[in-house]
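# Breakdown of the fold
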Amino acid sequence: MDSIKKTNHFVFQTYLRQGIAFVRVKGTSLWDEDGKEYTDFLAGIAVCSLGHCHPKITEAIHRQAETLVHVSNLFYTMPQADLASKLCEKSFADRVFFANSGAEANEAAIKLARRYFQKKGEKNRFRIITMEQSFHGRTMATLTATGQDKIKEGFYPLLDGFSYVPFNNIDALKNEVDETVCAILLEPVQGEGGIIPADPDYLKAVRDLCNEKGILLIFDEIQCGMGRCGTLFAHELYNVTPDIMTLAKALGNGLPIGAMLATQDAATGFDYGSHATTFGGTPLATAAALEVVKIISEETFLEQVRQKGQYFKDKLTKLKEKHSSVVDVRGKGLLLGLEIKVEKDKGAGFFVGELMKKGFIINGIQDKILRFAPPLIIEENDIDRLISTLDSLL
Ligand SMILES: Cc1ncc(COP(=O)(O)O)c(C=O)c1O
């Protein structure tokens, strides 16, 4: 049996997969079983941001695999300590909790926000407001937090204490806030919701509201963080700082790792025994992530992301001017979305399939948005090739 048949037979059928089995990757290229080469404009959904098998990350994994892979959080290890201190040095945060995925990082943030107030004796302050169209993960708490009904279907009853408001609408948020709200959770740039950036005035107003009411502000930067939007963290584009931030995806460039970062004050919500996970901050993943953070946080690297992002966005905007079937172009840095008018059943799926035939990997959201999240090392000539192929398809 080949990998496709075997997977379809033995693995839960929860993913709608493209009919390609990849066997080898390098930089921005992927090769399938027949040796066909594809250029990556998805990076494993905003994960392999430094490109596939980046030599420094591969070396860090090798080195760590030969030295110390796992001992548990009953002990101390240097890679975890180094990564935590590097993340704090590069951000607003004072403390880090390590998890294994984005959902788990958000789960930790939700638990921290609730316990922060319960510890202070404010037992009725447990509500969390999130945004419509948001995506925060698939665990019970994070799917409850997610502002999309389709993710929740079949899993009722959900957790108590979550409310949803339209994104970028400060009045709706103000109307929902009362003394029972402990946190507001949002993505500075919504990913799965359709690549929708927060309005700068909105994000500032949310911060002001949180300050005024003593509410914790949580940014989910799992997709939009780690250089994806042209700054190390997307909120830097807005000059607005959260109390808690979650990371995952690109943090390990492919190794599974998540992190929840918090200010010293917010971090007081957790004590010994409040939260734990066996693999959180395991030396192998943290050794890789430390190299990732070092490379991505270099200003020259981030400047290139901004330049390439602008170059790509300008080209997509030209396609919009040329083709009436393009409704919108949006996004920040190298997290870009092209919204199309779905005509004659030709939705995002059609473009994903046709581009795949021509050797490009992208993906579609909600059948009308093409998502581009290439490795941040993508070259301008690769962008040009994709644009001309897309031009002819449109
Ligand atoms: C913004 C955001 N939050 C959370 C998650 C969940 O992360 P994971 O799939 O690693 O659990 C995702 C995944 O797509 C995401 O985009």
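Residues numbered from 1 in each chain as written. Predicted model: local features only at pLDDT ≥ 70, side-chain atom pairs only at ≥ 80, totals over all residues.

### Some details on the overall build of the protein
Of regular secondary structure, the protein possesses 14 helices and 17 strands. A compact globule built from 394 residues would reach a C-alpha radius of gyration of about 21 Å, and the protein, at 21 Å, matches this within 12%. Once the C-alpha set of the protein is aligned to its principal axes, its extents read approximately 60 × 55 × 45 Å. Residue pairs in contact within the protein that sit at least 24 positions apart in sequence constitute 72% of those at least 6 positions apart. (Helix = DSSP H or I, 4+ residues; strand = E, 2+ residues; numbered from the N terminus. Rg over C-alpha atoms; globule rule 2.2 N^0.38 Å. Contact = placed C-beta atoms within 7 Å.)

### Thoughts on the sheet that holds strand E16 (residues 363–365)
With respect to topology, four strands assemble into an open sheet ordered E13-E14-E17-E16, the strand pairing being antiparallel. Unpaired on one side and paired on the other, strand E13 (326–332) and E16 mark the two borders of the sheet. Strand-to-strand twist in this sheet, taken as the mean axis angle between neighbours without regard to direction, amounts to 25°. Sheet topology places strand E14 (residues 335–340) next to strand E17 (residues 369–372); four bridges connect them, and they run antiparallel. Counterpart to glutamate 339 in the pairing with E17 is isoleucine 369. Helix H12 (residues 299–322) contacts E13, E14 and E17 of the sheet and is inclined by roughly 170° relative to E13. (Pairing = 2+ DSSP bridges. Axes fitted to C-alpha atoms, helices over the stretch in contact; angles between N-to-C directions.)

### Looking at the pairing of strand E5 (residues 127–131)
Counted residue by residue, E5 has five buried out of five residues, so it is predominantly covered. In this structure, E5 lies alongside strand E7 (residues 181–186), joined through three bridges in parallel fashion. By the bridge assignment, isoleucine 128 is partnered in E7 with alanine 183. Note that E5 and strand E6 (residues 162–165) share four bridges and pair parallel. (Buried ≥ 20, exposed ≤ 12 C-beta atoms within 10 Å, placed from the backbone.)

### Section: the domain arrangement of the protein
If you check the domain split of the protein, you get domain 1 (55–296) and domain 2 (301–372). Domain 1 and domain 2 are separated by 27 Å when their C-alpha centres are compared. Taken together, the contact between domain 1 and domain 2 spans 18 residues of the former and 17 residues of the latter. Going through the elements one at a time, strand E9 (196–197) and helix H11 (283–296) are the ones with two or more residues in the side of domain 1 that touches domain 2. Residues that form the side of domain 1 that touches domain 2 fall into these classes: eleven nonpolar, five polar and two charged. (Domains from an automatic or database assignment. Nonpolar A, V, L, I, M, F, W, Y, C, P; charged D, E, K, R; others polar.)

### Some thoughts on the packing of helix H3 (residues 55–67) against H11
Remark: H3 packs on H11, axes separated minimally by 9 Å, with the N-to-C direction vectors making an angle of 155°. On the basis of their axis angle, the class for H3 and H11 is roughly antiparallel. Along this stretch, H3 crosses H11, giving a crossing that reads as right-handed. Between H3 and H11, the contacting residues are Lys56, Ile57, Ala60, Ile61, Gln64 and Ala65 on the first element and Pro283, Leu284, Ala287, Ala288, Glu291, Val292 and Ile295 on the second. Looking at the contact of H3 with H11 residue by residue, the class counts come to ten nonpolar, one polar and two charged. (Parallel < 35°, antiparallel > 145°, perpendicular 65-115°, else oblique. Left-handed = near helix turned anticlockwise from the far one by under 90°.)

### A short note on the site of the ligand
Residues in close proximity to the ligand total 14 residues, the closest being Ser101, Gly102, Ala103, Ile222 and Gln223. For the shell around the ligand, the element with the most residues is helix H5 (residues 102–119), which contributes three residues. Taken together, the residues that form the shell around the ligand break down as four nonpolar, seven polar and three charged. (Near = placed C-beta within 6 Å.)

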